[in-house]
Amino acid sequence: MPTILIVGMTCQHCVELVHEALGRVDGVTDVAVDLDSGTATFSEERPVDMAAVKQAVADAGYKVA
Ligand SMILES: [Cu+2]
């Protein structure tokens, strides 16, 4: 289960945006975003392209550390 560190989340709204963005990436499922630790975890129902994950987070306005 990959865990990524996300820079820029400050409130529950950010959490929801990141959650939605990750949920749209091909292969990603069971997304969990934690504001306190600034991390997101997810399961892979098939191999996930981490570049697509980073792009999705960037498109939402945040950054993968
Ligand atoms: Cu926010």
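Refer to the preceding data block for the structure.
Thresholds applied
- Residues numbered from 1 in each chain as written.
- Predicted model: local features only at pLDDT ≥ 70, side-chain atom pairs only at ≥ 80, totals over all residues.
- Helix = DSSP H or I, 4+ residues; strand = E, 2+ residues; numbered from the N terminus.
- Rg over C-alpha atoms; globule rule 2.2 N^0.38 Å.
- Buried ≥ 20, exposed ≤ 12 C-beta atoms within 10 Å, placed from the backbone.
- Contact = placed C-beta atoms within 7 Å.
- Pairing = 2+ DSSP bridges.
- Axes fitted to C-alpha atoms, helices over the stretch in contact; angles between N-to-C directions.
- Left-handed = near helix turned anticlockwise from the far one by under 90°.
- Nonpolar A, V, L, I, M, F, W, Y, C, P; charged D, E, K, R; others polar.

## Thoughts on the overall build of the chain
Each helix and strand counted, the chain has 2 helices and 4 strands in total. Traced from its N-terminal end to its C-terminal end, the chain shows the element sequence β-α-β-β-α-β. What you see for the chain is a C-alpha radius of gyration of 10 Å, in line with the 11 Å of a compact globule of 65 residues. Taking all 65 residues of the chain together, 23% fall into the buried category. Long-range contacts, defined as pairs at least 24 residues apart, comprise 56% of the intrachain contacts of the chain with a sequence gap of at least 6.

## Considering the sheet that holds strand β2 (residues 28-34)
The 4 strands are arranged β2-β3-β1-β4 in an open sheet whose pairing can be described as antiparallel. Either end of the sheet is taken by a strand with one partner, and the two such strands are β2 and β4 (63-64). Here 3 bridges tie strand β1 (residues 3-7) to strand β3 (residues 39-44), and the two strands are oriented antiparallel to one another. Within β3, the position partnered with I4 by the bridge is A40. Against the sheet, helix α1 (residues 12-23) contacts β1, β2 and β3, and its axis sits at roughly 165° relative to β2.

## Concerning the packing of α1 against helix α2 (residues 50-59)
Put simply, α1 and α2 touch, their axes get as near as 9 Å, and they point 145° apart. Handedness of the α1/α2 crossing: right-handed. Of α2, the residues touching α1 (which contributes V18, A21 and L22) are V53, A56, V57 and D59. Of the residues in the contact of α1 with α2, the class split is 6 nonpolar, no polar and 1 charged.

## Regarding the pairing of β1
With 2 bridges connecting them, β1 and β4 associate as antiparallel partners. Looking at the pairing, V7 lines up with K63 of β4.

## Comments concerning unusual backbone geometry
Of note in this structure, D30 is not a glycine but carries a positive phi near 50°. Secondary-structure assignment places D30 in strand β2.

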